[in-house]
Each structure stands twice: as structure tokens, then as C-alpha cells.
Amino acid sequence: MIDFAHFQLDPEVRKEELIRLIEHAIRNLSAAELEALYYDMTVKGYMK
């Protein structure tokens, strides 16, 4: 588990770090996993 407590002083820094971590994780997904993620995010309204 990652401790994000040290980012509490600057929300923008925390946001950028989270984006970097998510982008890194996404690059390791297969096409089928990406399609499933896309579908899930679309259904939940995160993708518009």
C-alpha cells in the first residue's frame, strides 16, 4: 500500500503522482484488460 500522506500539502502534486502511477499500470495491461477497463469506466460514467 502506498502512503499518500506526504502529498496532503499540495493536492496538485498528489494528483500528478497518482496519474503517473495509473499511467504506468495501464501500460502493462493487455488489450482485453484495457477493453474491460474502458467498458467499466464508461458504464460508471468516468468516460464521457
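Preceding this section is the structure that the text describes.
Note that the structure is a prediction, hence the values are computed from the model and not measured.

Undergrad: Help me out: how do you make sense of the overall build of the protein chain in this one?
TA: Along the backbone of the protein chain there are two helices and zero strands. The buried share of the protein chain, reckoned over its 48 residues, is 4%. Accessible surface for the protein chain amounts to roughly 4600 Å². Of this, 61% is attributable to carbon and sulfur atoms.

Undergrad: Please clarify how a nonpolar patch on the surface should be interpreted in this entry.
TA: On the surface, Ile22, Ile26, Leu34 and Leu37 cluster together into a nonpolar patch covering about 290 Å² of accessible area. Of all the secondary-structure elements, those providing two or more residues to the nonpolar patch are α1 (11–27) and α2 (31–43).

Undergrad: Explanation requested: α2 in the structure shown.
TA: Since the α-helix turns once every 3.6 residues, residues separated by three or four places project in the same direction. The end-to-end C-alpha distance of α2 is 18 Å, a good match for the 18 Å that 13 residues give at a rise of 1.5 Å each. Phi for Gly45, located one or two positions after α2, is positive at around 85°.

Undergrad: Please explain the pattern of salt bridges as it appears in this structure.
TA: Pairing between side chains of opposite charge can happen when the charged atoms of each approach one another. Going through the model one piece at a time under the given rule, you end up with two salt bridges. Where Arg20 meets Glu17, a salt bridge forms, and the shortest distance between an N and an O atom there is 2.7 Å. Pair noted here: Arg20 and Glu17 are both in helix α1, with a separation of three residues, about one helical turn. Judged by relative accessible area, Glu17 falls into the partly exposed class, the value being 21%. Lys44 is the salt-bridge partner of Asp40, the closest N and O atoms lying 3.2 Å from each other. Given the relative accessible area of 33%, Asp40 is considered partly exposed. Residue Lys44 is classed as exposed on the basis of its relative accessible area of 51%.

Undergrad: What should I look at first to understand α1 in this one?
TA: In a regular helix each residue adds 1.5 Å, so 17 residues correspond to 24 Å; α1 covers 24 Å between its end C-alpha atoms and thus fits that length. Where α1 starts, the residue carrying a side-chain oxygen 3.1 Å from the main-chain nitrogen of Glu12 turns out to be Asp10.

Conventions and cut-offs
- Residues numbered from 1 in each chain as written.
- Predicted model: local features only at pLDDT ≥ 70, side-chain atom pairs only at ≥ 80, totals over all residues.
- Heavy atoms only, no water.
- Helix = DSSP H or I, 4+ residues; strand = E, 2+ residues; numbered from the N terminus.
- Buried < 20%, exposed > 50% of the residue type's maximum accessible area, 1.4 Å probe, protein only.
- Areas by Shrake-Rupley, 256 points an atom, 1.4 Å probe, with all protein chains shown as cover.
- Patch = residues over 30% accessible without salt bridge, like charges linked within 9 Å, V, L, I, M, F, W, Y side chains within 5 Å.
- Salt bridge = Lys/Arg side-chain N within 4 Å of Asp/Glu carboxyl O.
- Expected span 1.5 Å × (residues − 1).
- Polar contact = N/O pair within 3.5 Å; in protein donor to acceptor, adjacent residues only side chain to side chain.

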